[in-house]
Amino acid sequence: MLPEKEPAVTISAMTSIAEVRPIENRDVPEILELGNEIFDVSVFPYSVWSLGAIAKHLDQQPEACHVAEVGSRKVGFVLASMPFFDQKYWGHVEWIGLRRDFRGKALATKLADATIRALYHAGATRVVGDISTSNRESKLLARSMGFTELTTMTLFAAPSLDWIKSVAPEEEFATSDA
Ligand SMILES: CC(C)(COP(=O)(O)OP(=O)(O)OC[C@H]1O[C@@H](n2cnc3c(N)ncnc32)[C@H](O)[C@@H]1OP(=O)(O)O)[C@@H](O)C(=O)NCCC(=O)NCCS
């Protein structure tokens, strides 16, 4: 039988490759740039990556936002905060990312662990992460940390709105009144 996991011990032993510490305001420009390199910002949901996306979490829950550094070089980060929509005590881990050459070394696990602990100490009763169904590595990370699927949301797009041009507003009302 496999021994039970002891995350804190295992994680710190495996990740002496980088130091993890809370993000400070002076780190923001580099984190913004690092995110532009890590995420495919040409596609949704990563296209909403911005200064505002960082500020939202840093304003709300600075202690839950962490950066991973090797010397003074930033190699990854995690951004999270409460609330999650109307759930006052749900922590939301929204952004996590590492430079490619630092992946697969349990560093994301260490970042996520630091964030979850901080959210817990800030009063979180649950922690969630919204993950794109095509993001295999992110799903593997979540599952390896014990997260399970709560719900799946699919974004539907109408093919075209050109039909609106061909229907006069009076016709629309006439149809809906009938
Ligand atoms: C998602 C991401 C942060 C994961 O980082 P990571 O360094 O691979 O994570 P870890 O090394 O801590 O691995 C976590 C778990 O996922 C598994 N895993 C991660 N990537 C894997 C891969 N490519 N193949 C197989 N397993 C993988 C690990 O084996 C580990 O599981 P285990 O604990 O059972 O062994 C990283 O892939 C990344 O930066 N992706 C680009 C940014 C992104 O899409 N972020 C998420 C959306 S905000």
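Residues numbered from 1 in each chain as written. Predicted model: local features only at pLDDT ≥ 70, side-chain atom pairs only at ≥ 80, totals over all residues. Heavy atoms only, no water.

Draft legend 1. Seen up close, the site of the ligand. What surrounds the ligand is a group of 23 residues, the closest being I96, G104, A106, T109 and N135. For the ligand, an oxygen atom lies 3.3 Å from a polar atom in the side chain of R103. Within the complex, the protein chains bury 73% of what would otherwise be the 930 Å² of accessible surface of the ligand. Mapped by element, the contributors of at least two residues to the shell around the ligand are β4 (90–98), α4 (107–121) and α5 (136–144). Element by element, the count of residues in the shell around the ligand is highest for α5, at six residues. Split by residue class, the shell around the ligand holds 11 nonpolar, six polar and six charged. (Near = heavy atom within 4 Å. Polar contact = N/O pair within 3.5 Å; in protein donor to acceptor, adjacent residues only side chain to side chain. Areas by Shrake-Rupley, 256 points an atom, 1.4 Å probe, with all protein chains shown as cover. Helix = DSSP H or I, 4+ residues; strand = E, 2+ residues; numbered from the N terminus. Nonpolar A, V, L, I, M, F, W, Y, C, P; charged D, E, K, R; others polar.)

Draft legend 2. Region of interest: the pattern of salt bridges. Tallying each qualifying case throughout the model produces 13 salt bridges. With its nearest N and O atoms 3.5 Å apart, the salt bridge here joins E94 to K56. Linking E94 in strand β4 with K56 in helix α3 (residues 51–60), this pair joins segments that are 38 residues apart in sequence. A residue is classified by how much of its surface remains accessible, and K56, at 44% relative accessible area, is partly exposed. Between K165 and D162 there is a salt bridge; the shortest N-O distance is 3.5 Å. Judged by its relative accessible area of 48%, D162 falls in the partly exposed class. Beyond isolated ion pairs, a larger network of salt bridges with shared partners links R21, E24, R26, D27, E30, E69 and K74. (Salt bridge = Lys/Arg side-chain N within 4 Å of Asp/Glu carboxyl O. Buried < 20%, exposed > 50% of the residue type's maximum accessible area, 1.4 Å probe, protein only.)

Draft legend 3. Representation of the sheet that holds strand β3 (residues 73–81) in the model. Taken in spatial order, the five strands make up an open sheet running β1-β2-β3-β4-β5, and their pairing is mixed. In the strand order of this sheet, the two ends are held by β1 (19–22) and β5 (126–128), each with one partner. Each adjacent strand pair in this sheet contributes to an overall mean axis angle of 25 degrees, direction not counted. Across six bridges, the pairing between β3 and β4 is antiparallel. Along β4, the bridge assignment pairs A80 with V93. The strands touched by α3 within the sheet are β3 and β4, with β4 carrying the most contacts at an inclination of about 130 degrees. (Pairing = 2+ DSSP bridges. Axes fitted to C-alpha atoms, helices over the stretch in contact; angles between N-to-C directions. Contact = heavy atoms within 4.5 Å.)

Draft legend 4. Focus on the confidence of the model for the protein. Residue-level pLDDT values for the protein average 89, and 87% of them are 70 or greater. The model gives residues 1–13 a pLDDT under 50, and that stretch makes five contacts with residues more than four places away or in other chains. (pLDDT = per-residue confidence, 0-100.)

Draft legend 5. Expanded view of the environment of Y89. Topologically, Y89 is positioned in the loop between β3 and β4. For the pair formed by Y89 and A122, sequence separation is 33 residues and the distance between their alpha carbons is 8.8 Å. Those residues in contact with Y89, other than ones at most four positions away along the chain, are M82, G123, A124, T125 and R126.

Draft legend 6. A look at the nonpolar core. Among the nonpolar cores identified, the biggest contains 17 residues, and A68, V75, L107 and L119 are the most heavily contacted of them. Those residues in contact with V75, other than ones at most four positions away along the chain, are A18, L34, A68, E69, V70, G97, L98, R99, F102 and L107. Grouped together as the second largest cluster of nonpolar side chains are 16 residues, V28, I31, L58 and W95 included. (Core = buried A, V, L, I, M, F, W, Y, C linked by side-chain atoms within 4.5 Å.)

Draft legend 7. Structural view of the side chain of D27. Structurally, the position occupied by D27 is in the loop between β1 and α2 (28–38). Relative accessible area serves as the criterion here: at 1%, D27 is assigned to the buried category. A polar contact of 2.8 Å, which involves the side chain of D27, links it to the side chain of R21. Those residues in contact with D27 that lie beyond four places of it in its chain are R21, P22, V67 and K74.

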